[in-house]
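Notes for the structure review
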Amino acid sequence: AQSVSQHNHHVILSEAASLELGCNYSYGGTVNLFWYVQYPGQHLQLLLKYFSGDPLVKGIKGFEAEFIKSKFSFNLRKPSVQWSDTAEYFCAVNVMDSNYQLIWGAGTKLIIKP
Amino acid sequence: DAGVTQSPTHLIKTRGQQVTLRCSPKSGHDTVSWYQQALGQGPQFIFQYYEEEERQRGNFPDRFSGHQFPNYSSELNVNALLLGDSALYLCASSLDRGFTDTQYFGPGTRLTVL
């Protein structure tokens, strides 16, 4: 069965540190890739998405992610985090086969120390 | 413009009972997806409704059923509740039958089964 793995369940960083959150999926076919974020007390919202084309995609609030097909990865990055980036981050994969659905990782809780 | 709304906010049921959760999509959205999010995990896709029909379904038993009304609002029904059904149930709406369009999430309904 297809699955999505997020390597770190909890990450603690200081402000201005660089961020990279890992996401790997297990499916060899065509996929669409997403990162969603849930800020404290808010609803899940889309951070960025990749369907095709340039494997480096940019999202809101300075986030970017790189799709590396050979590694089945879609890691999220930000060069300098802010306290307001404290949130839970979810990677999701849309498997484009006959039974396509959206498969989610377990999430990474990011805490930024001021 | 109201976003996605869900009711009720919280619900407590006992094993064997039935429950109905409701979702009103964002204005103009015709596609509604339902997710189950257990504590500490990512959302799991239950099913998606478009044009009043179930279009895609995740790996959930037939105890989970739904409905979409002509005004695009939707219900999720769960029969014969089990302790393991305790979770946050999320509704998301979009303009796309599938997952390519941005999904907008509601606040969720917290279901506790005793």
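Summarised in this report is the structure supplied together with it. (Residues numbered from 1 in each chain as written. Chains lettered and ligands numbered in written order. Predicted model: local features only at pLDDT ≥ 70, side-chain atom pairs only at ≥ 80, totals over all residues. Heavy atoms only, no water.)

Considerations on the overall build of chain B
Secondary structure assignment for chain B yields zero helices and eleven strands. The linear arrangement of helices and strands in chain B, starting from the amino end, is β-β-β-β-β-β-β-β-β-β-β. Relative to a compact globule of 114 residues, whose C-alpha radius of gyration would be 13 Å, chain B shows 13 Å and is just as compact. When the 114 residues of chain B are sorted by exposure, 51% land in the buried category. Partitioning the intrachain contacts of chain B with sequence separation of at least 6 by distance along the chain shows that 54% fall at a separation of at least 24. Roughly 5,200 Å² of accessible area belongs to chain B as shown, and the carbon and sulfur atoms make up 47% of that amount. (Helix = DSSP H or I, 4+ residues; strand = E, 2+ residues; numbered from the N terminus. Rg over C-alpha atoms; globule rule 2.2 N^0.38 Å. Buried < 20%, exposed > 50% of the residue type's maximum accessible area, 1.4 Å probe, protein only. Contact = heavy atoms within 4.5 Å. Areas by Shrake-Rupley, 256 points an atom, 1.4 Å probe, with all protein chains shown as cover.)

Focus on the packing of aromatic side chains
By convention here, two paired aromatic rings are described through the distance between centres and the angle between planes. Counting across every chain of the model gives 15 aromatic pairs over all chains. Site record: aromatic cluster; members linked through ring pairs are Phe34, Tyr36, Phe51, Phe90 and Trp104 of chain A together with Tyr35, Phe45, Phe99 and Phe105 of chain B. Directly above the aromatic system of Tyr104 of chain B lies the positively charged group of Lys26 of chain B, at a separation of 5.1 Å from the ring centroid. (Phe/Tyr/Trp six-rings, centres within 6.5 Å; stacked < 30°, edge-to-face > 60°. Lys NZ or Arg CZ within 6 Å of the ring centre and 35° of its normal.)

Quick word on the interface of chain A and chain B
Facing the 17 residues of chain A at the interface are 23 residues of chain B. Here chain A packs against chain B, burying approximately 1,600 Å² in sum over the two surfaces, 54% of which is carbon and sulfur. On the surface where chain A and chain B come into contact, there are zero salt bridges. Here chain A is connected to chain B by two residue pairs in polar contact (both at pLDDT 80 or more). Contributions of two or more residues to the side of chain A that touches chain B are made by strand 5 (31–38), strand 6 (45–50), strand 10 (87–95) and strand 11 (102–104) of chain A. Of the residues that constitute the side of chain A that touches chain B, the class distribution is ten nonpolar, six polar and one charged. (Buried area = accessible area lost by both parts, 1.4 Å probe. Salt bridge = Lys/Arg side-chain N within 4 Å of Asp/Glu carboxyl O. Polar contact = N/O pair within 3.5 Å; in protein donor to acceptor, adjacent residues only side chain to side chain. Nonpolar A, V, L, I, M, F, W, Y, C, P; charged D, E, K, R; others polar.)

What to know about the sheet that holds strand 1 (residues 5–7) of chain B
Residues and elements named next belong to chain B. In spatial order, the strands read 1-3-8-7; together these four strands make up an open sheet with antiparallel pairing. The open sheet has two edge strands with one neighbour each: strand 1 and strand 7 (64–68). Put simply, the sheet's adjacent strands are angled 20° from each other on average, direction ignored. Across five bridges, strand 3 (residues 19–24) lies against strand 8 (residues 74–78) in antiparallel orientation. Across the sheet, the residue bridging to Thr20 is Asn77, located in strand 8. (Pairing = 2+ DSSP bridges. Axes fitted to C-alpha atoms, helices over the stretch in contact; angles between N-to-C directions.)

Comments concerning the environment of Ser73 of chain B
All names here are of chain B. Examined against the element boundaries, Ser73 turns out to sit in the loop between strand 7 and strand 8. The spatial distance from the C-alpha of Ser73 to the C-alpha of Gly106 is 12 Å, given a sequence separation of 33 residues. Not counting residues up to four positions away in its chain, the partners in contact with Ser73 are Cys23, Ser24, Pro25, His67 and Gln68. A distance of 2.7 Å separates polar atoms of two side chains, one belonging to Ser73 and the other to Asn71.

Remarks on the state of the cysteines
Residue and element names in this part refer to chain A. Counted according to the given criterion, the structure contains two disulfides over all chains. Across a sulfur-sulfur distance of 1.9 Å, Cys23 and Cys91 are joined as a disulfide pair. Residues Cys23 and Cys91 share a disulfide whose torsion about the S-S bond is about -65°; that sign makes it left-handed. Here Cys91 lies in strand 10 and Cys23 lies in the loop between strand 3 (19–21) and strand 4 (24–25), a separation of 68 residues in the sequence. (Disulfide = S-S within 2.5 Å.)

Concerning the pattern of salt bridges
All names here are of chain B. Across all of its chains, the model carries nine salt bridges over all chains by this definition. Between Glu51 and Arg55 there is a salt bridge, with its nearest N and O atoms 3.4 Å apart. Of the charged contacts in the structure, one is a salt bridge between Asp85 and Arg63, with a shortest N-O distance of 2.9 Å. Of this pair, Asp85 sits in the loop between strand 8 and strand 9 (87–94) while Arg63 is found in the loop between strand 6 (53–57) and strand 7, placing the two residues 22 residues apart along the sequence.

Looking at unusual backbone geometry
All names here are of chain B. Pro8 follows Ser7 through a cis peptide bond whose omega is -10°. You can see Pro8 is positioned in the loop between strand 1 and strand 2 (10–13). Backbone geometry places Glu52, a non-glycine residue, at a positive phi of 65°. Residue Glu52 is classed as partly exposed on the basis of its relative accessible area, which comes to 43%. A positive phi is found at Ala80, a non-glycine position, where the angle reads about 45°. Classification of Ala80 as partly exposed rests on a relative accessible area of 37%.

Without other data, these values stay purely geometric and don't point to any function.
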